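Chains, contacts and geometry: an overview
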Amino acid sequence: MLTVEVELGERSYPIFIGAGLLTESELAAKVGASVLRPGKVVIVTNEVVAPLYLAKLESFFAGRDCASIILRDGEEHKTLAAVSEIYEFLLSNKYDRHTTLVALGGGVIGDITGFAAATYLRGIDFAQVPTTLLAQVDSSVGGKTGVNHPLGKNMIGAFYQPRCVIADTDVLKTLPEREVKAGLAEVTKYGLIRDRDFFEWLASHAAALNDCDPDLMAQVIQTCCQVKADVVAEDERETGVRALLNLGHTFGHAIETASGYGTWLHGETVAMGTVMAADLSARIGWLSQQDAQFIRRVLEENFGMPVVPPADITTERYLDLMASDKKTEAGKLRFVLLRAIGEGVVASDIELDQLTSTLEAGDRLCE
Ligand code: NAD
Ligand code: GLY
């Protein structure tokens, strides 16, 4: 088992990574005795993940009073209504402040459950058991929790850290191929913003990664979690460096909102947004054309990501949706761009005509 520690003083917590963790009795004993506080456990999962892993996780918590809530599956259900379902279950069954919520699922379940934990009785403990690659390398770590609003993605939420993260790589075996690829695209973000060698390594190991080779996956998850843990330890509430983790998100969230939640996978819109960010970075003279094309090629050919934005989103619609981006300051759009592969930078003074050229490039991005 590999362990990464998120260092946040008294709110520090471990991320456990490895194959078969959900059936590891030693880990279960350790988590039960010294990671989680005593009290009841309520597992929150969804209708897809429950038949696969709920019984296993209930056994992991054998000895505790353990109940479960099964929500509907899908990004379109990442709403306040889902959070309310959790409140209703907890309130009607009189769960007190000593309860721990455990999120069993992908980023959607993790974000909803974390937000319910942050707000129920003004805050109860929670733990993350991420079951998608995207959730194991990103969303389960760092304490961003929340739900979507029809007017914008992830607009309602709280920073609230879990007590621990348990990333069992065995669960990736049942993940649909499209989800694996979307998770791998999210992995490339860590290389693009911080570490060119890692990006190139990912490109050259794409075939084994797409096959979910267990050793490689554990290694990749550890690398990503370590980068994320370092960034979060430095800037938990995103006043600075944490914004870099949003590479591709300003464009991506606009596409996700405009297309309707659930049409594109989150990782796909982020990859699409990353190609747009690479295009803009090249247009303003930061990134070489060659590197911009390399990024597009890796995302498209190695990880099967879309690299042509939907034709029906007008420039005006993009600008309107991007104006609600959480990075916007005093009405000024801010983008995560690349000075080079491995060097992400937050940029705010982008000329409108350059931005418009990227938004209107269609299938000619990064050319
Ligand atoms: P998801 O949670 O919708 O999961 C994808 C699909 O896979 C779902 O249908 C799910 O039920 C299914 N699934 C999950 N685990 C499975 C398994 N092991 N086997 C088979 N099927 C399985 O999507 P996601 O990509 O995990 O997460 C995307 C969400 O995460 C978005 O809402 C995004 O905003 C959020 N996110 C949050 C953060 C953060 O820091 N909090 C970071 C990145 C993304
Ligand atoms: N996924 C971006 C962040 O956690 O900051």
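Please refer to the structure higher up on the page.
Residues numbered from 1 in each chain as written. Chains lettered and ligands numbered in written order. Predicted model: local features only at pLDDT ≥ 70, side-chain atom pairs only at ≥ 80, totals over all residues. Heavy atoms only, no water.

Digging into the side chain of K153
As a reminder of what qualifies: Numbering of helices and strands starts at the N terminus; helices are DSSP runs of H or I of at least 4 residues and strands are runs of E of at least 2. Each residue's exposure class comes from its accessible area (1.4 Å probe, protein chains only) as a fraction of the maximum for that residue type: buried when under 20%, exposed when over 50%, partly exposed otherwise. What qualifies as a polar contact is a pair of N or O atoms within 3.5 Å, subject to a donor-acceptor requirement within protein and to the restriction that residues adjacent in sequence count only when both atoms come from side chains. We call two residues contacting when some pair of their heavy atoms lies within 4.5 Å.
Along the chain, K153 falls in strand 8 (residues 152-159). Judged by its relative accessible area of 3%, K153 falls in the buried class. Side chain to side chain, K153 and E75 meet in a polar contact 2.7 Å long. When sequence neighbours within four positions are dropped, the list of residues in contact with K153 reads E75, K78, N148, H253, E256, T257, Y261, H266 and K326.

A closer look at the site of ligand 2
What counts here: Nearness is judged by heavy atoms alone; a residue qualifies as near a molecule or strand once a single heavy atom is within 4 Å of it. Surface accessibility in these figures is a Shrake-Rupley result with a 1.4 Å probe; residues are shielded only by whichever protein chains are displayed. Asp, Glu, Lys and Arg are counted as charged, while Ala, Val, Leu, Ile, Met, Phe, Trp, Tyr, Cys and Pro are counted as nonpolar; the rest, among them Gly, fall into the polar class.
In the region of ligand 2, the neighbouring residues are D138, K144, K228, E238, R242, L245 and N246. Take K144: an N or O atom from its side chain is 2.9 Å from an oxygen atom of ligand 2. Take K228: an N or O atom from its side chain is 2.6 Å from an oxygen atom of ligand 2. Look at ligand 2: alone it shows 200 Å² of surface, and the protein chains cover 90% of it. Here the shell around ligand 2 is built from residues that sort into one nonpolar, one polar and five charged.

Some words on the site of ligand 1
Near ligand 1 you find 27 residues, and of these D73, E75, T131, T132 and T174 are the closest. In the environment of ligand 1, an oxygen atom lies 2.8 Å from a nitrogen or oxygen atom belonging to the side chain of K78. Within the backbone of K144, an N or O atom sits 2.8 Å from a nitrogen atom of ligand 1. Considered on its own, ligand 1 offers 870 Å² of accessible surface; in the complex 91% of this is hidden by protein. For the shell around ligand 1, the secondary structure elements donating two or more residues are helix 2 (50-60), helix 4 (107-119), helix 5 (133-139) and strand 8. Classifying every residue of the shell around ligand 1 gives nine nonpolar, nine polar and nine charged.

With respect to the pairing of strand 6 (residues 125-130)
A regular strand places its side chains on the two faces of the sheet in alternate fashion. Put simply, the rule reads: At least two bridges found by DSSP between two strands are what make those strands a pair. Assignment of crossover handedness uses the view with strands pointing away from the viewer, where a clockwise path from the first strand over the helix to the second indicates a right-handed crossover.
Of all the six residues making up strand 6, six are buried; the element is thus mostly covered by neighbouring parts of the structure. Of the two faces of strand 6, the one carrying D125, A127 and V129 and the one carrying F126, Q128 and P130 are both buried. Alignment of strand 5 (residues 100-105) against strand 6, held across six bridges, turns out to be parallel. By the bridge assignment for strand 6, L104 is matched with V129. With helix 4 bridging strand 5 and the parallel strand 6, this β-α-β connection has right-handed handedness.

Side note on the pattern of salt bridges
What counts is decided by this rule: For this document, the term salt bridge refers to a Lys or Arg side-chain nitrogen within 4 Å of an Asp or Glu carboxyl oxygen.
Counted under the stated rule, the structure contains 19 salt bridges. A salt bridge links D111 to K78, with the shortest nitrogen-to-oxygen separation between them at 2.8 Å. Note that D111 is positioned in helix 4 and K78 in the loop between strand 4 (66-71) and helix 3 (80-92), a separation of 33 residues in sequence. Just as D111 is buried, K78 falls in that class too. In this structure, D138 and K228 form a salt bridge, with 2.5 Å as the shortest nitrogen-oxygen distance. Taken together, the positions of D138 in helix 5 and K228 in helix 9 (residues 214-234) put the pair 90 residues apart, joining distant regions of the chain. Like D138, the residue K228 is buried in the burial classification. Connected via shared salt-bridge partners are D138, E186, K189 and K228.

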